[in-house]
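# Fold and contact review
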Amino acid sequence: MSIAALSPDLVLTNATVLTVDATDTEAEAVAVWGTRIGAVGSARDIDALADGRTKKIDLKGRCVLPGLTDPHVHFADGGAAMMSRVDCRDFYSNVRSIQQIAEKITEQASKQPPGTWIVAHGSPMQNFRMPEKRFPDRRDLDAAAPDHPVAINFGAHITIANTKALELAGIDAAAPAPAGGAIEFDGNGEPTGKLVERAQFLVRSVVPKYSYEQMKEGVLFAAERCLARGITNIHDIVTNDASIRAYQELVDEGTLPIRVSILIRVIEAAIRKESLLNLGIKTGFGNDWLRIGGVKMSIDGGITGHVAKFYEPYVDDPCHEGLIRIEQDELDETVEAYHRAGHRVCIHAIGDVAMDMALLSLEKALKAHPREDHRHRVEHLGNWLVNDARMDVITRNRILPVPNIPFMHFIWESLLDCIGEKRLENSFNIRDMLKAGLQITSGSDGPAYWPLDSLRDLGTAVSRRTWTGKTVGADQAVSVRDAIRMFTVNAAYNAFEEKIKGSIEPGKLADFAVLAENPYAVAPEKIKDIPVDMTVVNGKIAFFRDGADGLEA
Ligand SMILES: [Zn+2]
């Protein structure tokens, strides 16, 4: 018997199926054989394929989308951190002042033996939003937990350590800052506790590391939250062997709940630059669950720590001009080596100096060694300062900018304070970039900054609304259609996976997000709040929302 003669294993019917195919066809039902989509069409035609062995789910008018993708996350590390760190973030917890941070640290200290590490995390740019208008310093943390080493990071670029933590890290008044990092000193020449970029590693290297077992738990913990928002794919930036081993074991055990494309960080990481080149493995290696999606490197620091490298000084802090972590020579050499070895390169560039360095490096490598389908990315490009000249380089070389819509949603006001209105003119210019023919998607940079939620980001691309209800750059709002494409087909293309993911078409993987409402039918600012009632991965129900009205799993 041919496989086509068998009835489908799963039928989702009585739905609005947004297929996101080339012409954005709408269907009513979809049939799945095993792990793949077999047929898409009217409820009548698809229902007719089902028999007694078919699991048939009546979606009662709900909306089906292809499983969503978040293409820039720090997941394996972030997931473990979410489980173990003291949460002092302001967006999702109620910690709004240094006083409240101190209370949380004190509370944690009462639960653990003296001398053991307290590691906490806050939100990026939280100093802008707290009444004290600053980060805590080492003395605040000493007062909160005098007998414990304490480290708290605010985003990826700033860590504050208390006196005990500084001692363990060997940081005193005479400590030299490592290249690509900074140690802040007060008027008496004593460290304040603030460590920037590479200087954070001085503390991180003495904090107990996550084992790959903890990473596995962290991945499962964070993946559950993804599934609850219809996310079935992530592109995770990994920096160490433990996270890669964790993923591989989860695949072996058949328990990895979402599909992962790993972007391997090769500079400032526990993985040496040569390792991947020596192996001869190129981008694409892996399977439908776990694949090498490319390599990653970071030119400058983050804006959230005033260490992104701009030509002009920071508005609120003219002494800061940012940090360059990789010089042009090293960048060119690394980009060329990976480009020639068949890898897709992802370069983090936040400030305009770094953007120009990234574009220059990529153009040089492509000129010297042309390759048709490279899909090289620049992370965070598209957030701001994509002027005509840069747009030209981007389109001419078919480079993929990966902007971060949550930066607009969550920290717009802080960005304004930090780099000023002028640099934020025409920022997050998603509409222009789509118009230029670029397959734009958007990464969240979560889960430690804020949770992964591609529906939130999709809705924000349409509404341009910030967390505080402000509308930003309405002329760059995109249509619902384009926003859906960003997090489905465009993201699949971004991972070289458009043949198996990104749309609901026969032959593709059976990954779906079932939404309680159709994004076309609700007000733009409400899209982000649409409940996800069910998520299907690989033809199996991976998430089912308790209380989803009239729906039976
Ligand atoms: Zn990132």
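Predicted model only: the values in this text are computed from it and were never measured.

### Overview of the overall build of the protein chain
- Within the protein chain one finds 18 helices and 23 strands.
- Relative to the globule expectation of 24 Å for 553 residues, the C-alpha radius of gyration of the protein chain, 24 Å, shows essentially globular dimensions.
- When its C-alpha atoms are laid out on the principal axes, the protein chain stretches across 80 × 55 × 50 Å.
- Burial analysis of the protein chain (553 residues in total) assigns 59% to the buried set.
- Counting only contacts in the protein chain whose residues sit at least 6 apart along the sequence, the fraction spanning at least 24 positions is 73%.
- Approximately 21300 Å² of the protein chain is accessible, and the part contributed by carbon and sulfur atoms is 51%.
- Across the protein chain, the mean location of the 62 positive side-chain charges is 2 Å away from that of the 77 negative side-chain charges.

### So, helix α3 (residues 98-109)
- With twelve residues, α3 should cover 16 Å at 1.5 Å per step; its first-to-last C-alpha distance of 16 Å lies within 8% of that length.
- Buried residues along α3 sit against β10 (118-122), α4 (126-129), α5 (138-144) and β11 (150-154).

### Things to note about helix α13 (residues 388-397)
- Looking only at α13, the buried set comprises Arg-390, Met-391, Val-393, Ile-394 and Asn-397. The buried side chains of α13 occupy one side of the element, clustering within an arc of 160° when seen end-on. Residues Asp-388 and Ala-389 are exposed on α13 and point more than 90 degrees away from its buried face.
- In this structure, the buried residues of α13 make contact with α12 (352-368), β20 (400-402) and α15 (430-435).
- Just downstream of α13 lies Arg-398, where phi reads positive at about 55°.

### A look at the coordination of the zinc ion
- The zinc ion binds to the protein through His-72 (NE2), His-74 (NE2) and Asp-445 (OD), with metal-donor distances spanning 2.1 Å.
- Sequence positions of the residues that donate to the zinc ion give the spacing H-x1-H-x370-D. Separated by 373 residues along the polypeptide, His-72 in strand β8 (residues 68-73) and Asp-445 in the loop between α15 and α16 (454-463) bring together distant segments of the chain.
- Looking at Asp-445, the relative accessible area reads 8%, which means it is buried.

### Describing the sheet that holds strand β5 (residues 36-41)
- In spatial order, the strands read β5-β4-β1-β6; together these four strands make up an open sheet with mixed pairing. This sheet does not close on itself; its edge strands, each paired only once, are β5 and β6 (55-58). Neighbour to neighbour, the strand axes of the sheet diverge by 15° on average, direction disregarded.
- With three bridges joining them, strand β1 (residues 10-13) and strand β4 (residues 29-33) adopt antiparallel strand pairing. When the sheet's bridge partners are listed, Val-11 is paired in β4 with Ala-31.

### Comments concerning the nonpolar core
- Grouped together as the largest cluster of nonpolar side chains are 109 residues, with contacts concentrated most on Phe-75, Ile-234, Tyr-247, Met-297, Ile-303 and Trp-384.
- No other element matches helix α14 (residues 405-423), which puts nine residues into this core.
- Setting aside its immediate chain neighbours within four residues, Met-297 contacts Val-266, Ile-267, Ile-326, Leu-331, Thr-334, Val-335, Val-345, Cys-346, Ile-347 and His-348.
- Among the nonpolar cores identified, the runner-up in size contains 23 residues, and Cys-88, Val-95, Ala-144 and Val-196 belong to it.

### Focus: the domain arrangement of the protein chain
- Examined at the domain level, the protein chain breaks down into domain 1 (3-67 + 512-544) and domain 2 (76-204).
- Centre-to-centre separation of domain 1 and domain 2, based on C-alpha positions: 46 Å.

### Observations regarding the side chain of Ser-454
- Along the chain, Ser-454 turns up in helix α16.
- Take Ser-454: its relative accessible area is 0%, and that puts it in the buried class.
- Those residues in contact with Ser-454 that lie beyond four places of it in its chain are Leu-68, Thr-69, Asp-70, Ile-231 and Phe-487.

### Some remarks on the pattern of salt bridges
- All told, the structure shown has 35 salt bridges when counted by the stated rule.
- In this structure, the salt-bridge partner of Arg-481 is Asp-24, at a minimum N-O distance of 2.6 Å. Taken together, the residues span a long stretch of sequence, with Arg-481 in helix α17 (residues 480-486) and Asp-24 in the loop between β2 (16-18) and β3 (26-27) at a distance of 457 residues.
- Relative accessible area serves as the criterion here: at 24%, Asp-24 is assigned to the partly exposed category.
- Note that Glu-184 is salt-bridged to Lys-194, the shortest N-O span being 3.9 Å. Placement of Glu-184 in strand β13 (residues 181-185) and of Lys-194 in strand β14 (residues 191-197) is noted, with a sequence separation of ten residues between them.
- Through salt bridges with shared partners, a single network forms among Arg-36, Asp-288, Arg-291, Glu-497 and Lys-501.

### As for the sheet that holds β13
- Pairing in this open sheet of six strands is mixed, and the strands run β9-β10-β11-β12-β14-β13 from one edge to the other. Edge strands, defined here as strands with exactly one partner in the open sheet, are β9 (86-87) and β13.
- The pairing of β10 with β11 spans five bridges and is classified as parallel. Across the sheet, Ala-120 pairs through a bridge with Ile-152, a residue of β11.
- Contacts from α3 reach β9, β10 and β11, with the element oriented near 155° to β10.

The rules behind these values
Residues numbered from 1 in each chain as written. Predicted model: local features only at pLDDT ≥ 70, side-chain atom pairs only at ≥ 80, totals over all residues. Heavy atoms only, no water. Helix = DSSP H or I, 4+ residues; strand = E, 2+ residues; numbered from the N terminus. Rg over C-alpha atoms; globule rule 2.2 N^0.38 Å. Buried < 20%, exposed > 50% of the residue type's maximum accessible area, 1.4 Å probe, protein only. Contact = heavy atoms within 4.5 Å. Areas by Shrake-Rupley, 256 points an atom, 1.4 Å probe, with all protein chains shown as cover. Lys, Arg positive; Asp, Glu negative; His and termini not counted. Charge placed at Lys NZ, Arg CZ, Asp CG, Glu CD. Expected span 1.5 Å × (residues − 1). Arc of directions from axis to C-beta. Donors = N, O, S within 2.8 Å, 3.2 Å for Na, K, Ca; no water. Pairing = 2+ DSSP bridges. Axes fitted to C-alpha atoms, helices over the stretch in contact; angles between N-to-C directions. Core = buried A, V, L, I, M, F, W, Y, C linked by side-chain atoms within 4.5 Å. Domains from an automatic or database assignment. Salt bridge = Lys/Arg side-chain N within 4 Å of Asp/Glu carboxyl O.

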